[in-house]
Amino acid sequence: MPDDAIRCDACPVLCYIKPGRTGSCDRYGNRQGKLVRLDPHVILDRTLERGESVVPFLERSRAWDGTLASHGETFVTAIGAGTTYPDYKPAPFIISSQVEGIDVVTVITEGIFSYCGVKVKIDTDRHLGAECSRVRAKSEAIGHVTTSEYGSQMLSLGGVRHLTGGSRQEGTTTCDALLNLCNGNAVELKIDDGAKVVVQAGKAPIVDGTQEERMRVGCGSATIGMFARQWFGKVDEVVVVDDHIAGVLSEHQAGKLLGIPETGIKLKGRRSTPGRYFQVAEPGTSWGGTNIDDPLSILGKFNAKKAWPGLRLLMVSTTGEHYGYFELGEDLRPKEKDLPASLRASVMRIRENCEPALCTVLFMGGAGGSLRAGVTENPVRLTHSVRDALTRVTCGGAPVYVWPGGGITFMVDVTRMPLNAFGYVPTPALVAPIEFTLKLSDYAALGGYVENVRPLDSIVSAADGRRRIAARQGNPWPLESEARSRKK
Ligand code: SF4
């Protein structure tokens, strides 16, 4: 190693960095012989004008104004705070502040997460791929399709097995995809024997090149239940085409209660309960998440004893995107006709009730391991403290959901965090900000590094390398909530 190189010890890679250069992750650099964290350290300010929170902190245009902190109005996040390694060292920042008369400590670190991934919710009825199918980025397997939810297809991406258990290429591709998704960038994914989908947090999914507009109003049965009264008297039969549960108005309880007579209609698939049919077609990207382009293909012959010439039939998908109006001829075969104006309103009403289709990206990580040792010499006490709600966990100031059970396994909606809050190290692993906020006395009781606690003003008055942004509207203020809950 050249004499003037310095070693970064912020992660197991232990890069040697020459002057003016950066380490492998571009997070640390050698600036005139000094190891520095290159991205600005982000501080949330509650007093700044609302709506400024979504400012990428990599844009350095807004200079620090040198203002001293107002306790309780300033929250030091872990974004840009740096990491300590190995884990027995205290976290990079352990900040004390007084909030509503209570001494509060926030332990701040950029955690290195080998055990992490993202859960992606894609609001679409279209079939993206069978459950358990592999999801690929740049041809590498980075996750799988998991169970569908109500109006959404779900992906589970990343995780330690893809990061560390496959080839080097699989690990780095997985890490890259996770990083982009968490930082709000678009990522193209291909599902084996399924669709190609572009996913971006907070944006509409693009499925096989088509931007999804809306998520379904409900399953076929729910759609019948919601709109039966609006169809009553205007049409004799309605079939709501859905890949999971197709609905038939005249057989459905809603139709029975309205006194709609039987129509002799016959649906293919498996009848579940009256008016509710499973497996009317194969999954696909057409009508109601099925593979059909011709809705009549899911109908059998009408029962001649019950059907009648002139019977009016509406077929519609669960988003109102597809619809067709038919009347039975003398031969009891449906013939397509223009949709009457009286029914057009109900189709529009289905559309109106569909919410915009979005992609949701939740980062999920486990801070139950060694990361805790940077908070306390007795790590399990931190876990207990989180479990007992004495310690609040946040990610870049955003609220998290901590899973019940062992460890500190949490999820956070990346759109509630400041942009570009995530980084990576080439082990490979994701770097995510994490803050633990608790009462100073509780911190001392759980064996915290009390000697490393420093006051808030010592941090925020040092202008260099820090960036102050407005707290995100809608997020609970981490310090206020903490102080209030401690007072109870
Ligand atoms: S990868 Fe980054 S954090 Fe790790 S040692 Fe190198 S510069 Fe430091």
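Going along each chain's sequence as written, the residues are numbered from 1 onward. Selection of residues for local features in this predicted model requires a pLDDT of at least 70, selection of side-chain atom pairs for listing and counting requires 80 or more, and totals for whole chains, interfaces and linings are taken over all residues. Side-chain metrics in this entry use all non-hydrogen atoms of the structure; hydrogen atoms and water are not considered.

Read across the open sheet, the 7 strands follow the order 19-20-18-17-21-22-23; overall the sheet is mixed. In the strand order of this sheet, the two ends are held by strand 19 (270-271) and strand 23 (334-337), each with one partner. As judged from the 5 bridges shared by strand 21 (residues 312-317) and strand 22 (residues 323-328), these two strands associate in the antiparallel manner. Among the inter-strand pairings, M315 is bridged to a residue of strand 22, identified as G324. Pairs of residues are marked as contacts when any of their non-hydrogen atoms sit within 4.5 Å. Here the axes come from fitting lines to C-alpha atoms, over the contacting stretch only for helices, and the angles between their N-to-C directions go from 0 to 180 degrees. Helix and strand definitions follow DSSP, with helices as H or I runs of at least four residues and strands as E runs of at least two, each counted in order from the N terminus. Sitting on the sheet, helix 3 (residues 220-231) touches strand 17 (237-241), strand 18 (246-248), strand 20 (276-278) and strand 21, and the angle it makes with strand 17 is about 150°. Pairing between strands is defined by DSSP: at least two bridges between the two strands are required.

A few words on the site of the ligand. Taken together, the residues surrounding the ligand are C8, A10, C11, V13, L14, C15, G23, S24, C25, R27, Y28 and P426. In terms of residue class, the shell around the ligand is built from 9 nonpolar, 2 polar and 1 charged. Being near a molecule or strand, for a residue, means having at least one of its heavy atoms within 4 Å of it. Following the grouping adopted for this structure description, the nonpolar residues are Ala, Val, Leu, Ile, Met, Phe, Trp, Tyr, Cys and Pro, the charged ones are Asp, Glu, Lys and Arg, and the polar ones are all others, Gly among them.

Let's shift gears to helix 2 (residues 168-182). When the terminal C-alpha atoms of helix 2 are compared, their 21 Å separation across 15 residues agrees well with the 21 Å that a helix rising 1.5 Å per residue should span. For helix 2, the full list of buried residues reads E170, G171, T173, T174, C175, A177, L178, L179, L181 and C182. G184 lies just past helix 2 and shows a positive phi near 85°. Between the first and last residue of a helix there are one fewer steps than residues, each counted as 1.5 Å, and that sum is the expected span. The cut-offs for exposure are 20% and 50% of the maximum accessible area for each residue type, with area from a 1.4 Å probe on protein chains only; residues under the lower value are buried, those over the upper are exposed, and the others partly exposed.

Further remarks concern the pairing of strand 28 (residues 409-413). In terms of strand pairing, strand 24 (residues 359-366) meets strand 28 through 5 bridges, oriented antiparallel. When the bridges of strand 28 are listed, F363 appears paired with V412. Two elements, strand 27 (residues 401-402) and strand 28, share 2 bridges in a ladder whose sense is antiparallel. Following the sheet pairing, V402 is matched in strand 28 by F410. Hairpin remark: strand 27 followed by strand 28, antiparallel, with 6 residues in the connecting loop; positive phi at G405, about 95°.

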